[in-house]
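Here are the chains, one letter per residue:
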Amino acid sequence: MHTFRGAIQVCFGGFRAVDFLVCYVVFYDLADGVCEYRELVLVENDRKVKRTGACHFYKSYAHGNSVYLFGYEYPAILKIDVDTRETVYLTDWVIEVEKRISRMSASMGYVSDFVIVDNSLWALCECANAVLRLDLHKDKIEVMDISSDLDIQCGICFDGNFWVAGNNEHSNKLLKYDTQFVLEKEIEIYSAKDGDEDYDF
């Protein structure tokens, strides 16, 4: 008996789920009720972000015939072809993000949230003041620094500007960035008015 926790997504006629107790991906076919198990490559646990088994992956995104799994404790972004089950491990960004980690706690992971803007996926790093820009056509990842005094970044959205939300002791902060991630404004979100601008929360 396997217990599945975490990201579960319906795509291409089947559930794709991650079993966070062990390192494999499970494909569940809705038509015949058959589970297919695919082991993931084991990685050395010598990173600042430690694999505790609590949450290997936290977010996922279906794009075309592929599903991206975003590493939370697992040091990779996986791209899985749903038909062939071919798995590509995108890892070039991990060392760059690890270099940017200045303070680490057991509850921090790599990717906490993402937003799609045109043909790019912008993934917010929880453990460092950085974002990942994933080119969805080329699967190339660029690491970009962001100006932030947040200890943990937990949410990101885009409306012509990027908005980043804090967590824990900074859960009342909202940061506004331009398209190059230059900080424009910091807002205390328990206040619905900032200067002449009104914000609805």
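Right above here is the structure, for reference.
Thresholds applied
- Residues numbered from 1 in each chain as written.
- Predicted model: local features only at pLDDT ≥ 70, side-chain atom pairs only at ≥ 80, totals over all residues.
- Heavy atoms only, no water.
- Helix = DSSP H or I, 4+ residues; strand = E, 2+ residues; numbered from the N terminus.
- Core = buried A, V, L, I, M, F, W, Y, C linked by side-chain atoms within 4.5 Å.
- Buried < 20%, exposed > 50% of the residue type's maximum accessible area, 1.4 Å probe, protein only.
- Contact = heavy atoms within 4.5 Å.
- Pairing = 2+ DSSP bridges.
- Axes fitted to C-alpha atoms, helices over the stretch in contact; angles between N-to-C directions.

A. Quick peek at unusual backbone geometry. If you check the backbone angles, Arg 85 has positive phi at about 70° while not being a glycine. For Arg 85, the location among the structural elements is in the loop between β7 (77–81) and β8 (87–90). At Asp 139, a residue that is not glycine, the phi angle is positive and equals roughly 60°. Note that Asp 139 resides in the loop between β11 (130–135) and β12 (141–145).

B. Quick peek at the nonpolar core. Phe 70, Val 97 and Leu 132 are the most contacted members of the largest nonpolar core, which has 24 residues in total. Mapped by element, the contributors of at least two residues to this core are β6 (66–71), α1 (92–100), β9 (111–117), β10 (120–125) and β11. Not counting chain neighbours up to four residues away, the residues in contact with Leu 132 comprise Ile 77, Trp 93, Val 97, Val 111, Leu 121, Trp 122, Ala 123, Cys 125, Ile 141, Glu 142 and Val 143. Core analysis: the next-biggest nonpolar cluster, separate from the first, contains 13 residues, Val 131, Val 164, Leu 175 and Tyr 177 among them.

C. Region of interest: the sheet that holds strand β5 (residues 57–63). The four strands are arranged β5-β6-β7-β8 in an open sheet whose pairing can be described as antiparallel. Single-partner strands in this sheet number two, and they are β5 and β8. This sheet shows a mean twist of 20° between the axes of neighbouring strands, independent of strand direction. Summarising the sheet, β7 and β8 pair through four bridges and their orientation is antiparallel. Paired with Ile 77 across the two strands is Leu 90, which belongs to β8.

D. Representation of the environment of Thr 91. Summarising the element assignment, Thr 91 is placed in the loop between β8 and α1. In this structure, the C-alpha to C-alpha distance between Thr 91 and Leu 78, residues 13 residues apart in sequence, is 8.7 Å.

E. Geometry of the pairing of strand β3 (residues 24–29). Bridge count for β3 against strand β4 (residues 35–39) is five bridges, and the pairing is antiparallel. Its bridge partner lying in β4, Val 25 is registered against Arg 38. Linking β3 to β4, which pair antiparallel, is a turn of five residues; within it Gly 33 sits at a positive phi near 70°.

Keep in mind these numbers describe shape, not what the thing actually does.
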